[in-house]
Amino acid sequence: MKITKFINILVLAIFIFNINYVNSEDDIISLKDLYKQQNLKSEIGKLKYLSHFSLQCSSLFQAINEVLPNNNILLASINLQEGAIITKIMLQKTEQRKIKEEIDEQIIFMKNKYLDLMNKNKKANGKYINSSGIISNDQEICKKFVPRFYKFLRSNSFTIKK
């Protein structure tokens, strides 16, 4: 009787933990899914793509840098954040200060979502990144995105911090 009760409690605890884990991933749209939503046939669509990806990659890199400090990731995050601001300004062309504040708030929000997911992953699997599909997939996509985005920034005469 005690063993059955213990197993029921254990199954219930695992079920509840998995629901919380899945809900935290629902807050973040994977970059793979975000890419599918983009209209890359128009100039505006391309700018929106660059804006969304640079914002989300900057947030991810900031979160990674907080748990696993790395100067290269930090610099990429800073450049991506500046790029997100630049592309958003190119899209809206008004109120640059307001756009900067909005981007800063969005990056902090997304960074905290990634950090929450990383910490849950660390507790569950012992690793911040490798055992989480969304984080490791987004990290790989961001690593591929950064050189293309840097090329865009250079072609528009923006300075990249090294």
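Residues numbered from 1 in each chain as written. Predicted model: local features only at pLDDT ≥ 70, side-chain atom pairs only at ≥ 80, totals over all residues. Heavy atoms only, no water.

Draft legend 1. Quick peek at helix H3 (residues 43-67). With 25 residues, H3 extends 36 Å from end C-alpha to end C-alpha; this agrees with the ideal 36 Å at 1.5 Å per step. The element H3 is extensively covered by neighbouring structure, given that 19 of its 25 residues are classed as buried. (Helix = DSSP H or I, 4+ residues; strand = E, 2+ residues; numbered from the N terminus. Expected span 1.5 Å × (residues − 1). Buried < 20%, exposed > 50% of the residue type's maximum accessible area, 1.4 Å probe, protein only.)

Draft legend 2. Local environment of the side chain of Gln 81. Counting through the fold element by element, Gln 81 comes out in helix H4 (residues 71-92). A polar contact of 3.2 Å, which involves the side chain of Gln 81, links it to the side chain of Gln 62. Other than its neighbours up to four places away in sequence, Gln 81 contacts Ser 58, Gln 62, Ile 103, Asp 104 and Ile 107. (Polar contact = N/O pair within 3.5 Å; in protein donor to acceptor, adjacent residues only side chain to side chain. Contact = heavy atoms within 4.5 Å.)

Draft legend 3. Local environment of the packing of aromatic side chains. In the structure shown here, the tally under the stated rule is 5 aromatic pairs. Here Phe 145 and Phe 149 contribute two aromatic rings whose centre-to-centre distance is 5.2 Å and whose plane-to-plane angle is 25 degrees, an arrangement assigned as stacked. Here the residue Phe 145 and the residue Phe 149 both occupy positions in helix H6 (residues 133-155), the gap between them amounting to 4 residues, near one helical turn. Of the two residues, Phe 145 and Phe 149, both sit in the buried class. Taken together, the ring pairs in this structure connect Tyr 49, Phe 53, Phe 145, Phe 149 and Phe 152 into an aromatic cluster. (Phe/Tyr/Trp six-rings, centres within 6.5 Å; stacked < 30°, edge-to-face > 60°.)

Draft legend 4. Region of the structure containing the confidence of the model for the protein chain. Confidence along the protein chain averages 80 in pLDDT terms, with 83% of residues attaining 70 or more. Segment residues 6-26: pLDDT under 50, and 14 contacts once partners within four positions in sequence are set aside and those in other chains are kept. (pLDDT = per-residue confidence, 0-100.)

Draft legend 5. Molecular detail of the nonpolar core. Among the nonpolar cores identified, the biggest contains 40 residues, and Phe 61, Tyr 114, Met 118, Ile 135 and Phe 145 are the most heavily contacted of them. The dominant element in this core, judged by the number of residues it contributes, is H3, at 11 residues. Beyond its immediate chain neighbours, meaning those up to four positions away, Phe 145 contacts Tyr 49, Leu 50, Phe 53, Ser 54, Cys 57 and Leu 80. (Core = buried A, V, L, I, M, F, W, Y, C linked by side-chain atoms within 4.5 Å.)

Draft legend 6. Representation of the environment of Ser 51. Within the element layout of this structure, Ser 51 appears in helix H3. Judged by relative accessible area, which is 4%, Ser 51 ranks as buried. C-alpha separation for the pair Ser 51 and Phe 149, spaced 98 residues apart in sequence, amounts to 9.9 Å. In this structure Ser 51 touches Ala 84, Thr 87, Lys 88 and Leu 91, once residues within four positions along its chain are discounted.

Draft legend 7. View of the pattern of salt bridges. Applying the stated criterion across every chain yields a total of 5 salt bridges. Two residues, Lys 111 and Glu 66, come together in a salt bridge whose shortest N-O distance is 2.7 Å. With Lys 111 in helix H5 (residues 96-125) and Glu 66 in helix H3, the pair connects residues that are 45 residues apart, well separated along the chain. Residue class for Lys 111 comes out buried when judged on its relative accessible area of 14%. Between Lys 100 and Asp 104 there is a salt bridge, and its shortest N-O distance comes to 3.1 Å. With Lys 100 and Asp 104 both in helix H5 and 4 residues apart, this pair spans about one turn of that helix. (Salt bridge = Lys/Arg side-chain N within 4 Å of Asp/Glu carboxyl O.)

Draft legend 8. Representation of the environment of Ile 78 within the structure. You can see Ile 78 is positioned in helix H4. The spatial distance from the C-alpha of Ile 78 to the C-alpha of Lys 161 is 7.9 Å, given a sequence separation of 83 residues.

Draft legend 9. A look at the packing of H3 against H6. Between H3 and H6, whose axes approach to 9 Å, the crossing angle comes to 125 degrees. In terms of axis orientation, H3 runs oblique to H6. Of the two possible hands of crossing, H3 and H6 adopt the one that is left-handed. Where H3 approaches H6, its residues Leu 47, Tyr 49, Leu 50, Phe 53, Ser 54, Gln 56, Cys 57, Leu 60, Phe 61 and Ile 64 are matched on the opposing element by Ile 135, Asp 138, Gln 139, Ile 141, Cys 142, Lys 143, Phe 145, Val 146, Arg 148, Phe 149 and Phe 152. Within the contact of H3 with H6, the residues separate by chemical class into 15 nonpolar, 3 polar and 3 charged. (Axes fitted to C-alpha atoms, helices over the stretch in contact; angles between N-to-C directions. Parallel < 35°, antiparallel > 145°, perpendicular 65-115°, else oblique. Left-handed = near helix turned anticlockwise from the far one by under 90°. Nonpolar A, V, L, I, M, F, W, Y, C, P; charged D, E, K, R; others polar.)

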